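So you can see what is in the structure, the chains are spelled out below.
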Amino acid sequence: MSTELPARFLERLQLIIPSSQWKPVLASFSSDRPVCFRINPLKTITDQVFDEFKGLGLQPEALPWNPFGYCLPAQARSLLTDSAMFNEGRIYIQGLSSQLAAIILNPQPGETTLDLAAAPGGKTLHIAAMMQNQGQLSAVEPVKNRFFKLRANLERGAASMVRTYLKDGREVGHKVPDRFDRVLLDAPCSSEARIRAGKPESWSHWSEKKIKEVSRKQKRLLHSAILSLKPGGRLLYSTCSFAPEENELVIQAALRKHPEMSVLSVDMPVTNIQPGLSEWSGKALNPEVAKSVRVLPTKQMDGFFLCLLQKKTGP
Ligand code: SAM
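Computed from a predicted model, the values in this text were never measured in an experiment.

Cut-offs used in this document
Once a new chain begins, its residue numbering starts again from 1 and follows that chain's sequence as written. Local features in a predicted model are, by the rule used here, given only for residues with pLDDT of at least 70; side-chain atom pairs are given and counted only at 80 or more, and totals for whole chains, interfaces and linings are based on all residues. As a convention, hydrogens and water are excluded, and side-chain values are obtained from all of the structure's heavy atoms. Nonpolar core, defined: a set of buried Ala, Val, Leu, Ile, Met, Phe, Trp, Tyr and Cys residues in which side-chain atoms within 4.5 Å join the residues together. Each residue is assigned to one of three classes by its accessible area relative to the maximum for its type, calculated with a 1.4 Å probe on protein chains only: buried under 20%, partly exposed between the two thresholds, exposed over 50%. A run of H or I in DSSP counts as a helix once it spans at least four residues, and a run of E counts as a strand once it spans at least two, with each numbered from the N terminus. When checking whether two residues touch, look at their non-hydrogen atoms; a contact exists if any pair is within 4.5 Å. Strand pairing requires that DSSP identify at least two bridges connecting the strands. For a helix, the expected span equals 1.5 Å multiplied by the residue count minus one. Think of it as the arc spanned by the lines of direction from the helix axis to the C-beta atoms. Note on geometry: axes are C-alpha line fits, over the in-contact stretch for helices, and angles between N-to-C directions span 0 to 180 degrees. An angle counts as roughly parallel when it lies under 35 degrees, as roughly antiparallel when it exceeds 145, as roughly perpendicular when it falls between 65 and 115, and as oblique in every other case. By convention, the crossing between two helices is left-handed when the near helix turns anticlockwise from the far helix through less than a right angle, and right-handed when the turn is clockwise. A single heavy atom is enough: if one lies within 4 Å of a molecule or strand, its residue is considered near that molecule or strand. Two N or O atoms count as a polar contact when they lie within 3.5 Å, although within protein this holds only if one can serve as hydrogen donor and the other as acceptor, and sequence-adjacent residues are included solely when both atoms are side-chain atoms. Note on areas: Shrake-Rupley with a 1.4 Å probe; residue coverage comes only from the protein chains shown. Put simply, Ala, Val, Leu, Ile, Met, Phe, Trp, Tyr, Cys and Pro go in the nonpolar bin, Asp, Glu, Lys and Arg in the charged bin, and everything else, Gly too, in the polar bin. The disulfide criterion is simple: two cysteine sulfur atoms within 2.5 Å.

Honestly, the nonpolar core in this entry has me stumped. Any pointers?
Side chains of nonpolar character tend, in soluble globular proteins, to be buried together. Counting 39 residues, the largest nonpolar core has Val162, Leu236 and Met268 as the members making the most contacts within it. Of all the secondary-structure elements, those providing two or more residues to this core are helix H6 (96–105), helix H7 (122–130), strand E6 (136–140), helix H8 (144–156), strand E14 (293–295) and strand E15 (304–311). Top contributing element to this core by residue count: H6, with six residues. Look past the residues within four positions of Met268 in its chain and what remains in contact with it is Leu100, Ile104, Ile273, Val293, Val295 and Leu306. Grouped together as the second largest cluster of nonpolar side chains are 27 residues, Leu116, Ala117, Val176 and Val263 included.

Help me understand the pairing of E15, please; the structure alone is not making it clear to me.
Within E15, seven of the eight residues are buried, which leaves it mostly tucked inside the rest of the structure. As paired elements, strand E9 (residues 229–239) and E15 share six bridges and run antiparallel to each other. Within the sheet, the bridge partner assigned to Leu235 lies in E15 and is Leu309. Here three bridges tie strand E10 (residues 261–263) to E15, and the two strands are oriented antiparallel to one another. Opposite Met261, over in E15, you have Lys311 as the bridge partner. One ladder, built from three bridges, connects E14 with E15; its direction is antiparallel. If you follow Arg294 over to E15, its bridge partner there is Phe305.

Which parts of the structure should I look at to understand H8?
Each α-helix winds once per 3.6 residues, and so residues spaced three or four apart point in a common direction. The terminal C-alpha atoms of H8 lie 18 Å apart, and with 13 residues this matches the ideal 18 Å at 1.5 Å per residue to within 8%. Within H8 the residues assigned to the buried category are Phe147, Leu150, Asn153 and Leu154. For H8, the angular spread of buried residues about the axis comes to 125°, placing them on one side. H8 presents Lys144, Asn145 and Glu155 as exposed residues on the side facing more than 90 degrees away from its buried surface. In the core, the buried residues of H8 are packed alongside strand E4 (91–93), H7, E6 and strand E7 (162–165). Of the residues flanking the end of H8, it is Ala158, one or two places downstream, whose phi is positive at about 60°.

Explain the packing of helix H10 (residues 208–228) against helix H11 (residues 248–257) to me, please; I cannot follow it from the model alone.
Helix packing for two helices is described by the angle between their axes and how far apart those axes are. Packing of H10 against H11 leaves a shortest axis separation of 9 Å and a crossing angle of 45°. Relative to H11, the element H10 is oriented oblique. Crossing hand, H10 versus H11: right-handed. Across the interface between the two elements, Ser215, Gln218, Lys219, Leu222, His223 and Ile226 of H10 pack against Leu249, Val250, Ile251, Ala253, Ala254 and Lys257 of H11.

What exactly am I supposed to notice about the site of the ligand here?
Glu141, Arg146, Gly169, Asp186 and Lys217 are the nearest of the 20 residues found near the ligand. Within the backbone of Pro120, one N or O atom sits 3.4 Å away from an oxygen atom of the ligand. Contacts to the ligand include Asp186, whose side-chain N or O atom sits 2.8 Å from a nitrogen atom. Relative to its unbound accessible surface of 600 Å², the ligand loses 89% to contact with the protein. Here the shell around the ligand is built from residues that sort into 10 nonpolar, three polar and seven charged.

Explain the state of the cysteines to me, please; I cannot follow it from the model alone.
Should the sulfur atoms of two cysteines be covalently bonded, the bond is a disulfide. Inspection of every chain in the model, using the stated rule, returns one disulfide. There is a disulfide in this structure between Cys36 and Cys71, and the S-S distance comes to 2.1 Å. On the sign convention where negative is left-handed, the bridge of Cys36 and Cys71, at about 100° about the S-S bond, is right-handed. Highlighted residues: Cys36 in strand E1 (residues 35–39) and Cys71 in strand E3 (residues 69–72), separated in sequence by 35 residues.

All we've got here are geometric facts, nothing functional implied.
And the structure:
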């Protein structure tokens, strides 16, 4: 087993990842991922950006499942971050897993949408682009410096439809119950997917205590998100952690508290996935939870967890 990753993290991960996938998953922690981004249709058209790429001698590769998504080799990162198209918001650098969230939530122009944990705003921008700046989009972030970063990114990306709120997401649901057609809760988490082999700074904040702490917050945020959702509305819960305490167990607690919620099966556009766990720590989980999706990390993609929920319309 690799000594380049924290031993306890690896022990836990082995209980989550199927043995057939272990080798590639382990190798993914050492790989230099490509730099992926979205072209921002609120600011530009694809042809114009491609002229800019040509000028820089770059040939981005298109993603088959996101019409505005592209990747370049990792070495191109600084060329991109120094470019006018990045600094003026015509492209937004965003990992592939992160791009999946808005695609799965599938917000439509004219709808009322909430992003309950929004900074720095990559997914808010993606949602605004999918909604073509039409309808209502509210973005909540309680951490001041992150809130201002969010505002700056939205302004730079011309996401003029977004209303921003410097607020604790846990307070939102009871203030605006049954308000939104779609809610994204990309929850604060222990960020296990960001851990990189041989880079102790990438796990300096990681501990089992941290997992327990964020899990409590995630449950309260998901409760708030559910309250804010209209009957019939859809909610996407996501994290960039592998820990079942931050994922399956958060969903299970929400289903217990909210019989009006059900988990929807998701048609995923990528194949590096596994269903939500059916048991953890020797305890069987609610079978609905297995409709969640764990995106396994690869050489191209970070690990991710997502669960699409719907509020029932009838009694
Ligand atoms: N969705 C964002 C994006 O794609 O750019 C990333 C969101 S990040 C995973 C989680 C965010 O939740 C952080 O910005 C964090 O500050 C924020 N957060 C922490 N506690 C919160 C709370 N009580 N209510 C709402 N957001 C919270």
